[in-house]
Amino acid sequence: MKLFRRQQPGENPDCEISRYLTEHTEFRRIPPFAGSVEYYDGSGEPHTLAMLQGLVRNEGDGWEWTLRQIAKLGEQKIGEAMTTAAALMGRRTAEMHAALATFAPEPLEPADLRLLGSEMAERAAETLARLGRAVPTLRALATYDRLKDLKPDSLRIRIHGDYHLGQVLRIPNDFVILDFEGEPTKTLAARRAKHCPLKDVAGMLRSFSYASYAGLAGNETQRREWEQAVSAAFLDAYRKEAGHASFLPGDEDAFHTLLEAYVFDKAFYELSYEMDNRPDWLGIPLAAISSS
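Residues numbered from 1 in each chain as written. Predicted model: local features only at pLDDT ≥ 70, side-chain atom pairs only at ≥ 80, totals over all residues. Heavy atoms only, no water.

## A word on the packing of helix α4 (residues 110–131) against helix α9 (residues 252–277)
Applicable threshold: Geometry is summarised by axes, namely lines fitted to C-alpha atoms with helices restricted to the contacting stretch, and by angles between N-to-C directions that run from 0 to 180 degrees. The helix and strand labels rest on DSSP assignments: H or I over at least four residues marks a helix, E over at least two residues marks a strand, and numbering proceeds from the N terminus. An angle counts as roughly parallel when it lies under 35 degrees, as roughly antiparallel when it exceeds 145, as roughly perpendicular when it falls between 65 and 115, and as oblique in every other case. Helix crossings are classified by the rotation of the near helix relative to the far one: an anticlockwise turn of less than a right angle makes the crossing left-handed, while a clockwise turn makes it right-handed. Should any heavy atoms of two residues lie within 4.5 Å, those residues are considered in contact. Classification used: nonpolar for Ala, Val, Leu, Ile, Met, Phe, Trp, Tyr, Cys and Pro, charged for Asp, Glu, Lys and Arg, polar for all others including Gly.
The geometry of α4 relative to α9 is characterised by a closest axis approach of 10 Å and an angle of 30° between their N-to-C directions. The angle between the axes of α4 and α9 places the two elements in the roughly parallel class. For the crossing formed where α4 meets α9, the hand is left-handed. Contact residues: α4 offers Leu-113, Leu-116, Met-120, Arg-123, Ala-124, Thr-127, Leu-128, Arg-130 and Leu-131, while α9 offers Leu-258, Ala-261, Tyr-262, Asp-265, Phe-268, Leu-271, Ser-272, Met-275 and Asp-276. Along the lines of polarity and charge, the residues of the contact of α4 with α9 split into 12 nonpolar, two polar and four charged.

Right under this line is the structure:
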């Protein structure tokens, strides 16, 4: 039983998506939805108070499991178990997006990309103003600017919205995805919005980067090689499983530009978060933002 402490009018997206995936799709890599407790206010708006899900026996979340794999590396540079697991996670992510793409998808319009680029640039400017020091950001801003020229040929769909290693559970030889609430600081309407699913892909890629710093901070060469190998295994498997899905851009330049834009945007979100919570970790998102 999961209780929702922060109440806003409208169905909680964790409950909404878990219910949909359980009752209307064949995707089974989630804790199965079993029921919910809702309160309807005087205007008829629902407030999700609690959700019941099936128990998933597990070996810990993906973050804990990944750090344990890193601790076992020794003199190995990468570790076959982790690249194999990352590839499996990539396939499960594509399967999740394929299932979510059946949930009232909408066309991704040129106006959506123009708005996305401007919002990302605005968030970057606000974050850098808070940081109070100069950071090389030309590549990120150039990526955001390129969004307005892309020709979208894909869909906006419901996505996970806060996808990282802590949002998957490791079970024997597989993973289960949980917590579809979206980014907790955003409004309920924002968390229920539809996006290009590359936003989720970028979130997991950034999580691999965090894991590499947390587990291999003392060895920069090994850290970089581990992150590159694991990220490549995840992304390659994701693209192979997704194939020519309608929820992904078919054009290679559009695919890579959108993914890069979401990666930069996630790094700026992380930078803002670390300023408020873990100043010692500021270097992780700063390295991604200022990379060339």
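## Topic: the pairing of strand β7 (residues 174–177)
What counts, and what does not: Note on exposure labels: buried denotes an accessible area under 20% of the residue type's maximum, exposed denotes more than 50%, and partly exposed covers the range between, all computed with a 1.4 Å probe on protein chains only. For two strands to be treated as a pair, DSSP must find at least two bridges joining them.
What you see with β7 is no split at all: Asp-174 and Val-176 on one side and Phe-175 and Ile-177 on the other are buried throughout. When strand β6 (residues 168–171) meets β7, the two strands line up antiparallel, connected through four bridges. Looking across to β7, one finds that Val-168 is bridged to Ile-177. Where β6 folds back onto β7 in an antiparallel hairpin, the turn is made up of two residues, including Asn-173, whose phi is positive at roughly 65°.

## Topic: the packing of helix α7 (residues 198–216) against α9
One way to put it is that α7 packs onto α9 with a least axis distance of 8 Å and a crossing angle of 55°. What the angle tells us is that α7 and α9 run oblique. Crossing angle aside, the handedness with which α7 passes α9 is right-handed. For the pair α7 and α9, contact is made by Leu-198, Lys-199, Val-201, Ala-202, Gly-203, Leu-205, Arg-206 and Tyr-210 and by Phe-255, Leu-258, Leu-259, Tyr-262, Val-263, Lys-266, Ala-267, Glu-270 and Glu-274, respectively. Each residue belonging to the contact of α7 with α9 can be placed in one class, and the counts come to 11 nonpolar, one polar and five charged.

## Examining the pattern of salt bridges
Heads up, the rule is: When a carboxyl oxygen of Asp or Glu lies within 4 Å of a side-chain nitrogen of Lys or Arg, that pair is called a salt bridge.
Per the stated rule, a full pass over the model turns up 28 salt bridges. The closest approach of N and O atoms between Glu-16 and Arg-192, which form a salt bridge, is 2.8 Å. Of the two residues, Glu-16 sits in helix α1 (residues 13–24) while Arg-192 sits in the loop between α6 (188–191) and α7, which places them 176 residues apart along the sequence. When its relative accessible area of 9% is taken as the criterion, Glu-16 is described as buried. Between Asp-174 and Arg-29 there is a salt bridge, with its nearest N and O atoms 2.7 Å apart.

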